[in-house]
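Observations on chain architecture
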Protein chains: 2
Amino acid sequence: MGMWSLDRVDTPALVVDLDTVERNLHRVHRQAQEAGLALWPHTKTHKAPWLARRQLELGARGLTVAKLGEAEVLRDAGLGPFLVHYPLVGETKARRLADLLATGAQVQVALDSPQAADTVAEGARQAGAEVGVLVEVDTGMHRVGVAPGPQVVELSRYVHRRPGLRFLGLTSYAGHVSAAPDEEGRRQVLRQEREILQRMRHELERQGLTPQVVSVGGTHHAARMEELAGVATHLRPGTYVYNDRTILLAGSCREDDLAASVLVTVVSRHDRWAVVDGGSKAFSSDAHREGGYGLVMGRPKLRLTRLSEEHGILEWEDGAEPPRLGERLRIVPNHICTVVNLFDRAWAVRGEEVERVFAVSARGKSQ
Amino acid sequence: MGMWSLDRVDTPALVVDLDTVERNLHRVHRQAQEAGLALWPHTKTHKAPWLARRQLELGARGLTVAKLGEAEVLRDAGLGPFLVHYPLVGETKARRLADLLATGAQVQVALDSPQAADTVAEGARQAGAEVGVLVEVDTGMHRVGVAPGPQVVELSRYVHRRPGLRFLGLTSYAGHVSAAPDEEGRRQVLRQEREILQRMRHELERQGLTPQVVSVGGTHHAARMEELAGVATHLRPGTYVYNDRTILLAGSCREDDLAASVLVTVVSRHDRWAVVDGGSKAFSSDAHREGGYGLVMGRPKLRLTRLSEEHGILEWEDGAEPPRLGERLRIVPNHICTVVNLFDRAWAVRGEEVERVFAVSARGKSQ
């Protein structure tokens, strides 16, 4: 194959630096192994079977997904087992879970209500299979999860007694860690989560329902594994494969660990601003409390300050070299997960050379 | 074909009410005809060939797109002519424009720099074709567009003299109309735009470069056509086909005109909030200054207050009937254009019956 420079790739385009991805995978997987944590990476970030396979090759025990459609895509690539970390509720979900199980997929599910347990049990019944269940505890994010207290024991017992279900343990996602104002705040969120999970585990043990699994997310956790010691057995980071501006600004990766960016062209130039050909349909509208929508690689004085659908507005500090009309820039977005979900394919590079193109096969699988 | 109720559709799903779409199309197309405005609807909202065809059947003179990839999809469906309302800059764009022209597509382009004119002229040269050009004027949005003044005449003359290009006239998108605080503010934006375009038109006439076309956007304009009289000849509304919460809150449509929504299921229920199975990967993160991410149809006291990737948080006023676990709700998003771009297909309904499913064929065509 000849050399194929990134210069020939049309814009906007999702660009993935392969050397950085490999470094990110090796680092986090090694650290998890050293900490004795079973890694179940969340595949919602990359939505790409070849990366899920690489995660398994590098020691991941299974693959986390949010939606059944994501598991279906990975199953089609011969991958598994899966943790569906999302409450499945209703007949259509029971049917689709049954279809997934019927193809031999090994599936665990996280849930927070008897109704979700009933849905999962119905899917297991239809397929003649058994599904491992993690009971999700609300450790402060106030999204899904049972409030810590007797209800956790009640739901665990409900699951334990339900035919088709196997109670595996507890899970939590303290996603509010990324909203903490500083490093002390972030560590406080993780410690509170640990304290709650420890308490719930003891309570379950007292009731004879010893959890084998205590699972926590995510990339902020992965960067602070020492805070998980003694309680967590499983870890579900997603963003660590690529990282993004939000992860960087929270101190959960270094600038060298940023593996994905959006390649754009400057298409309009004005005295005090320029326009690039990526807007909210390329960067998503995910904001950051520090303002701005991305980090312009190699041009720290340029700021992506405003987005409309297909336009991104770049502004610059006095004295900065302004972008030139036609110039191509790589911009690391605030939140890579929603950005990846906008692109059908990604351009995988080493340096400035394209090594290959890969499909974001589970893009849009929101069901 | 049997009856197929929306109850059987898995969630989250994009739902389009066909009767409302037809009403929206008929109303705006009739008003444009009465006002003597040539309609070139912006297809970025629906990204669906069958809807573009319907717009042409109902009198549209051509189809506006932001990106060449969108035109390619519509061309493949046998549709056209096109206005690419986006500055094309660089070799890859010239090549792709040439490929589009070579298949017989009639293409006009809006642009705001000599470099973009050179790109378009190069594409025309490669295809042996001619491209009509609208010079874009910045009428206050400060995104793309030449600042009103002598540069508008200069660029128009540059286009006029360039082989392969035909100078057609002026264009503007006063998108900041949606940021105006009230109706008086919105009308002021439109009047300022009209005043600037009138001035530029007179200036061009004085120089012997009479514009045949003066084109303006969008759905807020379409709802106030009386403000365009005497200057605009062409109108490019996009969102009017579906409308959304932003259009509604700006008084640019009525609640009865909301044609698209996201069908979701309540998957987790708590004392003071509930969780639906659509987050920023279903609603986009496009915010509204009044807060909230959507309008829950038939349940005005429920508010979609927070989004994470796959979770939407519903809260409610005291005394409101809270959503039930497993309940299915239809939620009209803040901004339908970015939402449509997240879904591969839409479920077209009459009432609660699914009439058909259609592909969002130009989804993700951001190049």
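Figured I'd write up the structure that's included with this text.

Rules and cut-offs
- Residues numbered from 1 in each chain as written.
- Chains lettered and ligands numbered in written order.
- Predicted model: local features only at pLDDT ≥ 70, side-chain atom pairs only at ≥ 80, totals over all residues.
- Heavy atoms only, no water.
- Helix = DSSP H or I, 4+ residues; strand = E, 2+ residues; numbered from the N terminus.
- Rg over C-alpha atoms; globule rule 2.2 N^0.38 Å.
- Buried < 20%, exposed > 50% of the residue type's maximum accessible area, 1.4 Å probe, protein only.
- Contact = heavy atoms within 4.5 Å.
- Areas by Shrake-Rupley, 256 points an atom, 1.4 Å probe, with all protein chains shown as cover.
- Pairing = 2+ DSSP bridges.
- Axes fitted to C-alpha atoms, helices over the stretch in contact; angles between N-to-C directions.
- Phe/Tyr/Trp six-rings, centres within 6.5 Å; stacked < 30°, edge-to-face > 60°.
- Lys NZ or Arg CZ within 6 Å of the ring centre and 35° of its normal.
- Salt bridge = Lys/Arg side-chain N within 4 Å of Asp/Glu carboxyl O.
- Parallel < 35°, antiparallel > 145°, perpendicular 65-115°, else oblique.
- Left-handed = near helix turned anticlockwise from the far one by under 90°.
- Nonpolar A, V, L, I, M, F, W, Y, C, P; charged D, E, K, R; others polar.
- Least-squares fit on C-alpha atoms with pLDDT ≥ 70 in both.
- Polar contact = N/O pair within 3.5 Å; in protein donor to acceptor, adjacent residues only side chain to side chain.

1. Section: the overall build of chain A
When you go through chain A residue by residue, the secondary structure sums to eleven helices and 17 strands. Relative to its length of 367 residues, chain A is compact, with a C-alpha radius of gyration of 22 Å against a globular reference of 21 Å. When the backbone C-alpha atoms are referred to their principal axes, chain A occupies close to 70 × 45 × 35 Å. Among the 367 residues that make up chain A, the fraction classed as buried is 62%. Sequence-distant contacts in chain A: of pairs separated by 6 or more residues, those separated by 24 or more amount to 68%. Taken as a whole, chain A presents about 13,600 Å² of accessible surface, with 46% of it coming from carbon and sulfur.

2. Quick word on the sheet that holds strand β7 (residues 165-172) of chain B
Residue and element names in this part refer to chain B. Ordered in space as β2-β9-β8-β7-β6-β5-β4-β3, the eight strands form an open sheet in which the pairing is parallel. Whereas interior strands pair on both sides, the edge strands pair on one side only; in this sheet they are β2 (38-39) and β3 (63-65). Across the sheet, helix α5 (residues 114-127) touches β5 (107-111), β6 (131-136) and β7, and the angle it forms with β5 is around 165 degrees.

3. Here's the deal with the packing of aromatic side chains
Counted under the stated rule, the structure contains four aromatic pairs over all chains. Between W4 of chain A and W347 of chain A, the ring centres sit 5.4 Å apart and the planes meet at 85 degrees, which makes this aromatic pair edge-to-face. Note that W4 of chain A is positioned in the segment before β1 (13-17) and W347 of chain A in strand β16 (residues 345-350), a separation of 343 residues in sequence. Taking the relative accessible area as the measure of exposure, W4 of chain A reaches 31% and is therefore partly exposed. An angle of 75 degrees between the planes, with centres 5.2 Å apart, marks the rings of W50 of chain B and F358 of chain B as edge-to-face. Here W50 of chain B, found in helix α2 (residues 49-57), pairs with F358 of chain B, found in strand β17 (residues 353-359); they are 308 residues apart in sequence, far enough to count as distant. Owing to a relative accessible area of 5%, F358 of chain B belongs among the buried residues under this scheme. Lying across the ring of W50 of chain A, R356 of chain A places its NZ or CZ 4.2 Å from the centre.

4. Considerations on the pattern of salt bridges
Residue and element names in this part refer to chain A. Here the structure, examined in full by the defined rule, presents 70 salt bridges over all chains. Notably, a salt bridge pairs R224 with E183, separated by 2.8 Å at the nearest N-O pair. One end of the pair, R224, is in the loop between α8 (219-222) and β9 (234-235); the other, E183, is in helix α7 (residues 183-206), and 41 residues separate them in sequence. With relative accessibility at 28%, the residue E183 sits in the partly exposed group. R363 is the salt-bridge partner of D344, the closest N and O atoms lying 3.3 Å from each other. Placement of the pair is D344 in the loop between α11 (336-340) and β16 and R363 in the segment after β17 (353-359), with a sequence separation of 19 residues. Where salt bridges share partners, they join E183, E184, R186, R187, R191, R224, E226 and E227 into one cluster.

5. Examining the packing of α5 of chain B against helix α6 (residues 150-161) of chain B
All names here are of chain B. The N-to-C vectors of α5 and α6 enclose an angle of 15 degrees; their axes lie 10 Å apart at closest approach. In terms of axis orientation, α5 runs roughly parallel to α6. The interaxial crossing formed by α5 with α6 has right-handed handedness. Here P114, A117 and D118 of α5 lie close against α6, whose contacting residues are L155, Y158 and V159. Of the residues belonging to the contact of α5 with α6, the class tally is five nonpolar, no polar and one charged.

6. Some remarks on the relation of the copies chain A and chain B
Each copy superposes on the other: chain A lies on chain B with an RMSD of 0.0 Å after a rotation of 180 degrees and an axial shift of 0.0 Å. In symmetry terms, the pair is related by a two-fold rotation axis. No C-alpha of chain A lies nearer the rotation axis than that of S285 of chain A, which sits 2.5 Å from it. The share of interface residues of chain A whose copies in chain B are also at the interface is 100%, consistent with both copies meeting through the same surface.

7. Section: unusual backbone geometry
Cis geometry is found at the peptide bond from G80 of chain B to P81 of chain B, where omega equals -5 degrees. Here P81 of chain B shows up in the loop between α3 (68-76) and β4 (82-84). With an omega dihedral of 0 degrees, the bond running from G217 of chain B to G218 of chain B counts as a cis peptide bond. Relative to the elements of secondary structure, G218 of chain B occurs in the loop between β8 (213-216) and α8 (219-222). Even without being a glycine, N243 of chain A presents a positive backbone phi close to 65 degrees.

8. Describing the pairing of β1 of chain A
All names here are of chain A. Burial analysis of β1 places five of its five residues in the buried class, the great majority of the element. Here β1 shows no split at all, with A13, V15 and D17 on one side and L14 and V16 on the other all buried. Taken together, the four bridges between β1 and strand β10 (residues 260-269) define a ladder with antiparallel strand orientation. Residue pairing for β10: V15 is matched across the bridge by S261. As judged from the four bridges shared by β1 and β16, these two strands associate in the parallel manner. By the bridge assignment for β16, L14 is matched with A346.

9. Notes on the side chain of S284 of chain B
Residue and element names in this part refer to chain B. You can see S284 is positioned in the loop between α10 (280-283) and β12 (294-296). Owing to a relative accessible area of 6%, S284 belongs among the buried residues under this scheme. Within the structure, the side chain of S284 is placed 3.2 Å from the backbone nitrogen of D286, a separation counted as a polar contact. Non-local contacts of S284, meaning those with residues more than four positions away in its chain, are made with G279, L307, T338, V339 and L342.

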